[in-house]
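# Summary of structural features
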Amino acid sequence: MKLEDLRKLHQKKYRQELGYFLVEGEHLVLELRKAALANPHLRRCELYVTRGREHLAADFTAHVVSEAQMARISETKTPQGVVALAPLLPAPAPRAGERAIYLYEVQDPGNLGTILRTLAWFGRFRCLLSPGSVDPYNSKAVRASMGAIFHVPVETEVPLHSLKSRFARIACLAMRGESLSSLGFDAFECYVFGNEARGLPQNELSPLEGREFTVPGSAAPIDSLNLASAVAMCAYELNRK
């Protein structure tokens, strides 16, 4: 791919149009190499490296570029000298025993990346993103995931109303509801989380017939819990049970 096209991949519309995204930095590239051993789709990756970094390519095709060219490709202020061109990942079919975490209009790429990292740690989760959510292939989300983007199935543009026909049992995480430690919290197939600032649209929740749960807190003057923290507590509780 031409360097001009690689630069275009900094924008979502070109990632969707060309079907690729960029993976930058040695740690993420090493995670990508490990993921490619189990996922043939990722073996199509290509590496762009500065001289002396060719060893990172392993079985990938490598292209040696100058420091100046790397600076043009990179989105970071201090490039590490290695960028991978990776194909967008189609979500595989759900596996037996897999649960879905649905995020409604999540906006912060750091939050999304951290959530993917959490789901990868606990395993057997997939992530569903509503329309209007941040792109999971945004460079900040990819970096924050620390490689989890390669391991957690992610579906985008999933309307909230479509969950009813897909999942028989839905739980919604809200400010009020039963505690996560309540009996039966682990009995659901899909767990729905709201936008960082606005939460969930109440007018769209009724048709889902979801059971509401919350993360109980103290009487501290804080009106909400960080989204990534709430998902982590939910995943831990489900794994514990």
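For the structure given in this document, a descriptive report is provided here. (Residues numbered from 1 in each chain as written. Predicted model: local features only at pLDDT ≥ 70, side-chain atom pairs only at ≥ 80, totals over all residues. Heavy atoms only, no water.)

### Quick word on empty space enclosed by the protein
- Taken as a whole, this structure holds 2 cavities of 30 Å³ or more when the rule is applied.
- By volume, the largest cavity amounts to about 60 Å³.
- Taken together, His 10, Leu 22, Val 23, Glu 24, Ile 73, Glu 75, Ser 139, Val 142 and Arg 143 make up the full set of residues lining the largest cavity.
- For the lining of the largest cavity, the residue count by class is 4 nonpolar, 2 polar and 3 charged.
- Within this model, the second largest cavity holds a volume of roughly 40 Å³.
- Every residue along the wall of the second largest cavity is listed here: Leu 9, Arg 15, Phe 21, Leu 22, Glu 75, Tyr 137 and Ser 139.
- Looking at the lining of the second largest cavity residue by residue, the class counts come to 4 nonpolar, 1 polar and 2 charged. (1 Å grid on protein atoms, 1.4 Å probe; cavity = no way out; pocket = protein on both sides within 12 Å on 5 of 7 lines; lining within 4 Å. Points joined across faces, edges and corners; volume = space filled by probe spheres on them. Nonpolar A, V, L, I, M, F, W, Y, C, P; charged D, E, K, R; others polar.)

### Digging into the layout of surface pockets
- Computed from the structure, the second largest pocket encloses a volume of approximately 400 Å³.
- Counting residues per element, the ones that place at least two in the lining of the second largest pocket are helix 3 (26–38), helix 5 (109–122) and strand 6 (125–129).
- Looking at the lining of the second largest pocket, its residues break down into 16 nonpolar, 4 polar and 4 charged. (Helix = DSSP H or I, 4+ residues; strand = E, 2+ residues; numbered from the N terminus.)

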